[in-house]
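# Examination of the molecular architecture
Below, each chain spelled out in residue letters.
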Amino acid sequence: DVCLGHDWPRGVYRYGDVKGLLRKKTFFAREVGEGTLGSPAAWEVLENVRPRYWFGAHLHVKFEATVPWESAPDNGGEAAPPATRFVGLESECPVSGGESLTAQMTRFLALDKCLPRRPYLQILSVAPRPADRKVKAGEDGDAR
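Each value, and the rule that gives it
Residues numbered from 1 in each chain as written. Predicted model: local features only at pLDDT ≥ 70, side-chain atom pairs only at ≥ 80, totals over all residues. Heavy atoms only, no water. Pairing = 2+ DSSP bridges. Helix = DSSP H or I, 4+ residues; strand = E, 2+ residues; numbered from the N terminus. Axes fitted to C-alpha atoms, helices over the stretch in contact; angles between N-to-C directions. Contact = heavy atoms within 4.5 Å. Buried < 20%, exposed > 50% of the residue type's maximum accessible area, 1.4 Å probe, protein only. Phe/Tyr/Trp six-rings, centres within 6.5 Å; stacked < 30°, edge-to-face > 60°. Arc of directions from axis to C-beta. Polar contact = N/O pair within 3.5 Å; in protein donor to acceptor, adjacent residues only side chain to side chain.

This brings us to the sheet that holds strand β2 (residues 53-56). In a beta sheet, neighbouring strands are held together by backbone hydrogen bonds and run either parallel or antiparallel to one another. Reading across the sheet, the 4 strands line up as β1-β2-β4-β3 and stay open at both edges, with mixed pairing between neighbours. Lying at the two open borders of the sheet, with one neighbouring strand each, are β1 (2-4) and β3 (63-68). In this sheet, neighbouring strand axes are inclined to one another by 15° on average, regardless of whether the strands run parallel or antiparallel. Of the strand pairs in this sheet, β3 and strand β4 (residues 105-110) are connected by 6 bridges, and their pairing is antiparallel. Paired with proline 68 across the two strands is methionine 105, which belongs to β4. Lying on the sheet, helix α3 (residues 40-49) is in contact with β1, β2, β3 and β4; it crosses β2 at an angle near 165°.

So, in structure tokens, the structure goes:
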């Protein structure tokens, strides 16, 4: 349900406010344009595990994104549809196979450096998933 990592998954910026990110960190423009900002390995983990929350750091800027899993591209470099920001959304309403809306997305959050007047701290409450959630096993038998 929760992944903590240093690197951002490659391409996660496409699911958040890219223009706002580039206003704060103009030197990311080249990597955003080339589709190389972030870690390909972290994206692979994100895409396979599909946690509800992913917390990253490394780029020293506060950034939020929501990756919707039904429409997420394979990170092949094409632009994603505009991101929808869900504020305080926790759905109990079953859709598409019984999963809630929250279960069909990953909420990504990166925070800034721990310096005065920088957004480096955020407090969240993460409720556990229901115990009846099915865990898929990969070809190697590991739970995903």
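Moving on, we come to the pairing of β4. Most of β4 is tucked away, with 5 of its 6 residues classed as buried. Bridge count for β2 against β4 is 4 bridges, and the pairing is parallel. Each residue of the ladder has a partner; that of phenylalanine 55, found in β4, is leucine 109.

All right, on to the packing of aromatic side chains then. If you walk through the whole model with that rule in mind, you get 7 aromatic pairs. Here tryptophan 8 and phenylalanine 108 contribute two aromatic rings whose centre-to-centre distance is 5.2 Å and whose plane-to-plane angle is 70°, an arrangement assigned as edge-to-face. Of this pair, tryptophan 8 sits in the loop between β1 and α1 (18-24) while phenylalanine 108 sits in strand β4, and the two are 100 residues apart along the sequence. Summarising the burial analysis for this pair, tryptophan 8 and phenylalanine 108 share the class buried.

Bringing α3 into the picture now. Turn by turn, an α-helix covers 3.6 residues, leaving residues three or four places apart pointing in a common direction. Listing the buried residues of α3 in full gives Ala42, Trp43 and Leu46. Seen from one end, α3 has its buried residues packed into an arc of 100°, which puts them on one side. Check the buried side of α3 and you find it contacts β2, β3 and β4. For α3, the capping residue at the N-terminal end is serine 39, with a side-chain oxygen 3.3 Å from the backbone nitrogen of alanine 41.

The values reported here are purely geometric and, on their own, carry no functional implication.
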